[in-house]
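Observations on the three-dimensional arrangement
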Amino acid sequence: GSEMCIETATNLSALAAIWKDDPDHTRIGFEVKHAGLSFVSGYFSDFDISVRQANDDYKNTHILAEVQTTSISTGVVARDNHLRSPDFFNVEVFPLMTFKSTKIKMEKTRKGKIYGDLTLHGVTQRIELEVLLIGKGRVPYLKDTVGVRLSGKIKRSEFDLGLKFVPAMIADDIRIIVDCEFTHE
């Protein structure tokens, strides 16, 4: 999802660049409305995101994100264990969630959209993520770095997540918020 920003953020690097997420400065988060009263948020802590940039044209950039579903955390142990169960993520059967980009469309120099296939809970759906380039530069003692925010929505029903919980209890819309820093390899 950050490929588009990385492409537009260059000319930071040479051709055929590979960018890797900095796990200390990357968060794969989500929020969902509970009982129509409040939002519950959480994140996944075990993931790997790579961005392959074929040339200076963002259209030839590809993103692959792999997330270990067992790493889900909402700050409440009982809820996290329930989310890992067959009622929701069923992490023993579906331990990996993946996103593979298929298309990037820049709307402005700092904004655009990333389209791709999200595989979650054994179901693959095409999704769209808004992308915002937060900044680019060289972090002291590090390589060239790009910071981006990705956001979008998915419907849990489209991924067969928590089907026995009606939308009045747990909303169908799940908001995705991903903040990433990528360094040039």
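Quick notes on the rules
- Residues numbered from 1 in each chain as written.
- Predicted model: local features only at pLDDT ≥ 70, side-chain atom pairs only at ≥ 80, totals over all residues.
- Heavy atoms only, no water.
- Helix = DSSP H or I, 4+ residues; strand = E, 2+ residues; numbered from the N terminus.
- Buried < 20%, exposed > 50% of the residue type's maximum accessible area, 1.4 Å probe, protein only.
- Contact = heavy atoms within 4.5 Å.
- Phe/Tyr/Trp six-rings, centres within 6.5 Å; stacked < 30°, edge-to-face > 60°.
- Core = buried A, V, L, I, M, F, W, Y, C linked by side-chain atoms within 4.5 Å.
- Salt bridge = Lys/Arg side-chain N within 4 Å of Asp/Glu carboxyl O.
- Pairing = 2+ DSSP bridges.

The next subject is the overall build of the protein. Secondary structure assignment for the protein yields two helices and 11 strands. For the protein, with 185 residues in total, the buried portion stands at 47%. Across the protein, contacts joining residues at least 24 apart in sequence account for 58% of those joining residues at least 6 apart.

Another aspect to go through is the packing of aromatic side chains. Tallying each qualifying case throughout the model produces three aromatic pairs. Between Phe88 and Phe165, the aromatic rings sit 5.1 Å apart at their centres with planes inclined by 20°, giving stacked as the arrangement. Within this pair, whereas Phe88 is found in the loop between helix 2 (77–84) and strand 7 (96–106), its partner Phe165 is found in the loop between strand 10 (144–155) and strand 11 (170–184), the two being separated by 77 residues in sequence. The class for Phe88 is buried, based on a relative accessible area of 7%. Connected via pairs of aromatic rings, a cluster forms that spans Phe30, Phe44 and Phe89.

Now for the nonpolar core. Counting residues in hydrophobic clusters, the biggest one holds 42 residues, and the most contacted among them are Phe44, Ile49, Phe89, Leu118, Leu120, Ile154 and Phe159. It is strand 11 that contributes the most residues to this core, seven residues altogether. When residues no more than four places from it in sequence are discounted, the contact partners of Phe89 are Phe44, Thr69, Ile72, Leu83, Arg84, Phe94, Leu120, His121 and Leu161.

Pairs can form between side chains of opposite charge whenever their charged atoms are close. Under the criterion given, the structure shown has nine salt bridges. Here Asp48 and Lys20 are joined by a salt bridge, their closest N and O atoms 2.7 Å apart. One end of the pair, Asp48, is in strand 4 (residues 47–53); the other, Lys20, is in strand 1 (residues 17–21), with 28 residues separating them in the sequence. The class of Asp48 is partly exposed, set by a relative accessible area of 33%. Look at Lys20 and you get partly exposed, because its relative accessible area is 22%. When the shortest N-O distance is used, the salt bridge between Asp87 and Lys164 registers 2.9 Å. With Asp87 in the loop between helix 2 and strand 7 and Lys164 in the loop between strand 10 and strand 11, the pair connects residues that are 77 residues apart, well separated along the chain. Note on Asp87: relative accessible area 22%, which makes it partly exposed.

What follows covers unusual backbone geometry. For Ala35, which is not glycine, the phi dihedral falls at a positive 55°. With respect to the helices and strands, the residue Ala35 is situated in the loop between strand 2 (27–34) and strand 3 (38–44). Its identity is not glycine, yet Asp160 carries a phi of approximately 60°, on the positive side. When you line up the elements, Asp160 lands in the loop between strand 10 and strand 11.

As for its position among the elements, His34 is in strand 2. If we skip the residues at most four places from it in the chain, His34 touches Val40 and Met169.

Turning our attention to the pairing of strand 9 (residues 123–138). Judged from the 10 bridges that link them, strand 8 (residues 111–120) and strand 9 form a sheet pairing that is antiparallel. Following the sheet pairing, Ile114 is matched in strand 9 by Leu129. Turn length for the strand 8-strand 9 hairpin, with the two strands adjacent in sequence and antiparallel, is two residues, and the turn residue His121 shows positive phi of about 60°. One ladder, built from eight bridges, connects strand 9 with strand 10; its direction is antiparallel. Residue Glu130 lies in a different strand from strand 10, and its bridge partner there is Ser151.

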